[in-house]
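Here is what each chain is made of, one letter per residue.
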Amino acid sequence: MDKEEIQGCECCHKTKERSEKEYRDLIHRLNRIEGQIRGIRGMVEKDAYCPEILIQVAAANAALNSFNKVLLASHIRTCVARDIREGKEETIDELVTTLQKLMK
């Protein structure tokens, strides 16, 4: 699925126009995380020692957390800031709800 297909999704009520650089960076990060997950699966399939698998899972979790930080920062700088300037106060509630879900 390419960038245009994702942004043109009719099932979503909101979309985000990303720069080509931001899009490439996010996809690159996700590809690396996907590779880490495949690697973990391979370790399980090859009966790797549990602590070795756990260390790789921790690395994948750290990569996902890093992805979230980058995406959240971008969201605040662009979508949230724009909506606040436009007087859309409900965006603050949406951000608070999102942060609460991330902190579970």
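As the structure is a prediction and not an experimental result, all values here were calculated from the model.

A look at a nonpolar patch on the surface
On the surface, Ile84, Ile92 and Val96 cluster together into a nonpolar patch covering about 210 Å² of accessible area. Judged by relative accessible area, which is 39%, Val96 ranks as partly exposed.

Re the side chain of Thr91
Its location among the elements puts Thr91 in helix 4 (residues 90-102). In this view, Thr91 contacts Val80 and Asp83; residues no more than four positions away in its chain are not counted.

Some points on the environment of Ile37
Its location among the elements puts Ile37 in helix 2 (residues 20-45). The class for Ile37 is partly exposed, based on a relative accessible area of 44%. Linking Ile37 and Asn61, residues 24 residues apart in sequence, is a C-alpha distance of 9.9 Å.

Brief notes about the pattern of salt bridges
Oppositely charged side chains can form a pair if their charged atoms are brought close together. Under the definition given, this model contains 8 salt bridges. Between Lys14 and Glu94 there is a salt bridge; the shortest N-O distance is 3.1 Å. Separated by 80 residues along the polypeptide, Lys14 in the loop between helix 1 (3-7) and helix 2 and Glu94 in helix 4 bring together distant segments of the chain. Residue classification places Glu94 among the partly exposed residues on the basis of a relative accessible area of 31%. Between Lys88 and Glu86 there is a salt bridge, with the nearest N and O atoms lying 3.2 Å from each other. Looking at Glu86, the relative accessible area reads 47%, which means it is partly exposed. One continuous salt-bridge network, built from bridges that share partners, spans Lys16, Arg18 and Glu22.

Some thoughts on the packing of helix 2 against helix 3 (residues 50-85)
Helix 3 packs onto helix 2 with a crossing angle of 165° between their chain directions and a minimal axis gap of 10 Å. The angle between the axes of helix 2 and helix 3 places the two elements in the roughly antiparallel class. For the element pair helix 2 and helix 3, the recorded crossing hand is left-handed. A breakdown of the residues in the contact of helix 2 with helix 3 according to their chemical character gives 16 nonpolar, 4 polar and 4 charged.

Topic: the packing of helix 3 against helix 4
Close contact between helix 3 and helix 4 brings their axes to 10 Å; oriented N to C, the two are set at 165°. On the basis of the axis angle, helix 3 is roughly antiparallel to helix 4. Helix-helix and strand crossings are classified by hand; for helix 3 and helix 4 the assignment is left-handed. Listed contacts from helix 4 to Asn68, Leu72, His75, Ile76, Val80, Asp83 and Ile84 of helix 3 are Thr91, Ile92, Glu94, Leu95, Leu99 and Leu102.

Some thoughts on the confidence of the model for the chain
The pLDDT averaged across the chain works out to 90; a share of 88% of its residues lies at or above 70. By mean pLDDT, helix 1 is the weakest element of the chain at 47, and helix 2 is the strongest at 97.

So, how was this worked out
Residues numbered from 1 in each chain as written. Predicted model: local features only at pLDDT ≥ 70, side-chain atom pairs only at ≥ 80, totals over all residues. Heavy atoms only, no water. Patch = residues over 30% accessible without salt bridge, like charges linked within 9 Å, V, L, I, M, F, W, Y side chains within 5 Å. Areas by Shrake-Rupley, 256 points an atom, 1.4 Å probe, with all protein chains shown as cover. Salt bridge = Lys/Arg side-chain N within 4 Å of Asp/Glu carboxyl O. Buried < 20%, exposed > 50% of the residue type's maximum accessible area, 1.4 Å probe, protein only. Helix = DSSP H or I, 4+ residues; strand = E, 2+ residues; numbered from the N terminus. Contact = heavy atoms within 4.5 Å. Axes fitted to C-alpha atoms, helices over the stretch in contact; angles between N-to-C directions. Parallel < 35°, antiparallel > 145°, perpendicular 65-115°, else oblique. Left-handed = near helix turned anticlockwise from the far one by under 90°. Nonpolar A, V, L, I, M, F, W, Y, C, P; charged D, E, K, R; others polar. pLDDT = per-residue confidence, 0-100.

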